[in-house]
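The chain contents come next:
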Amino acid sequence: MARRTRVKICGITRLQDAHLAQELGADSLGFVFVPASKRYLSPEAAASIVGQMGPFVTPVGLFLDAPAAEVRRVLDLLPSLVPQFHGQESAEYCEQFDRPYLKAMGVGSAGTLPDDEQLAPYSRALGFLFDSHEPGQLGGTGEAFDWTRLGARMHKPLILAGGLNVHNVEQAIRQTKPYAVDVSSGVEQARGIKDPEAMRTFLEAVRQADRQPEARSEDN
């Protein structure tokens, strides 16, 4: 059986978008807890949405150099939430919450990938998300980076983000063979408002990529 690329729909702000993402087979929903973002959603609103989701859809919360007390408040509201840290958070910061987490790495306009020495301290991270945003900033820019430079260097699950849409996600999967792809602006009709047809065609494109025998290795 071919290994399946997981899909995260990020920047969810509405219950109807969350329901449709679940119906279409998305594995994860992303909620942005960065007040400066146009996709910001209050933790209380996110908890209401998550409470109406099925048991096998993973909620992920995006934080950007947030005070630890605020992160703890959100985690208390959302016991099943996986935190995703986008800023300059140290490994010690990320691990103080005693919860599995994701660490986002911004490639930025210089296209500089973090080296093994930079990634090594985050040994307890579930995986690394590579996005096109500048290091220490939030994603959702709609811009892509040169995915081919990632190669096979990852020792943890790779989540690919940054400018993904229905037109390029198949190629991105073939080139990088990620554990998961993360899309936000590529399936929107406005900031934080998802486009049902775009979500549908994006998920279909991911499944099409997975059906290509050269794109995936055999399942474990």
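Everything below is about the structure shown above.
A few points on the structure. (Residues numbered from 1 in each chain as written. Predicted model: local features only at pLDDT ≥ 70, side-chain atom pairs only at ≥ 80, totals over all residues. Heavy atoms only, no water.)

Quick notes on the nonpolar core
Note the cut-off: As used in this record, nonpolar core signifies buried Ala, Val, Leu, Ile, Met, Phe, Trp, Tyr and Cys residues forming a set joined through side-chain atoms within 4.5 Å. With a 1.4 Å probe rolled over the protein chains alone, any residue whose accessible area is under 20% of its type maximum counts as buried; one over 50% counts as exposed, and the rest are partly exposed. Where helices and strands are cited, they refer to DSSP runs of H or I of at least four residues and of E of at least two residues respectively, numbered from the N terminus. Should any heavy atoms of two residues lie within 4.5 Å, those residues are considered in contact.
The biggest cluster of nonpolar side chains holds 56 residues, and the ones touching the most others in it are Ile9, Leu29, Phe31, Phe130 and Phe202. If one sorts the elements of this core by residue count, helix H7 (residues 196-211) sits on top with seven residues. Not counting residues up to four positions away in its chain, the partners in contact with Ile9 are Ala21, Ala26, Ser28, Leu29, Gly30, Val183, Val187, Lys194, Met199 and Leu203. Residues Val32, Val34, Leu62 and Ile159 belong to the second largest nonpolar core, which totals twelve residues.

Focus: helix H6 (residues 169-176)
The condition that has to hold: Directions from the helix axis toward the C-beta atoms define the arc.
Taken together, the buried positions of H6 are Val169, Ala172, Ile173 and Thr176. Down the axis, H6 shows its buried residues gathered within 95 degrees of arc, on one side only. In this structure, the buried side of H6 is in contact with strand S7 (158-160), strand S8 (180-183) and H7. A positive backbone phi angle near 50 degrees is found at Lys177, which sits one or two residues after H6.

What about empty space enclosed by the protein?
To keep things clear, this is the line we draw: Of the grid points, spaced at 1 Å and generated over the protein atoms alone, those admitting a 1.4 Å probe that cannot get out make up cavities, while open sets with protein on both sides within 12 Å along at least five of seven lines make up pockets; any residue with an atom within 4 Å of a point is treated as lining. Grid points are joined across faces, edges and corners, and a volume is the space filled by probe spheres set on the points. Polar here means any residue other than Ala, Val, Leu, Ile, Met, Phe, Trp, Tyr, Cys and Pro, which are nonpolar, and Asp, Glu, Lys and Arg, which are charged; Gly is therefore polar.
For the structure shown, the criterion picks out two cavities of 30 Å³ or more. Size it by volume and the second largest cavity reaches roughly 30 Å³. Lining the second largest cavity are Leu29, Phe31, Val50, Met53, Val57, Thr58 and Pro59. Broken down by secondary-structure element, the contributors of at least two residues to the lining of the second largest cavity are strand S2 (28-32) and strand S3 (58-63). Grouping the constituent residues of the lining of the second largest cavity by class yields six nonpolar, one polar and no charged.

Regarding the sheet that holds S3
Stated precisely, the cut-off is as follows: Here, any two strands with at least 2 DSSP bridges between them count as paired. Orientation is described by axes fitted as lines to C-alpha atoms, over the contacting stretch for helices, and by angles from 0 to 180 degrees between their N-to-C directions.
Judged by pairing direction, the barrel is parallel, and its eight strands sit side by side in the order S1-S2-S3-S4-S5-S6-S7-S8 before closing back on the first. Pairwise comparison of adjacent strand axes, ignoring direction, gives a mean angle of 25 degrees for this sheet.

What about the layout of surface pockets?
Its boundaries defined by the atoms lining it, the largest pocket holds a volume of some 350 Å³. In terms of lining, the largest pocket is formed by 17 residues, of which the most central are Arg6, Ser28, Thr58, Leu102 and Tyr179. Listing elements by their share of the lining of the largest pocket, those giving two or more residues are strand S1 (6-9) and S3. At three residues, S1 tops the list of elements feeding residues into the lining of the largest pocket.

Structural notes on the environment of Ser123
Residue placement: Ser123 occurs in the loop between helix H5 (116-119) and strand S6 (127-131). The sequence separation of Ser123 and His155 amounts to 32 residues, and the corresponding C-alpha distance is 9.9 Å. Aside from chain neighbours lying at most four places away, what touches Ser123 is Glu95 and Lys156.

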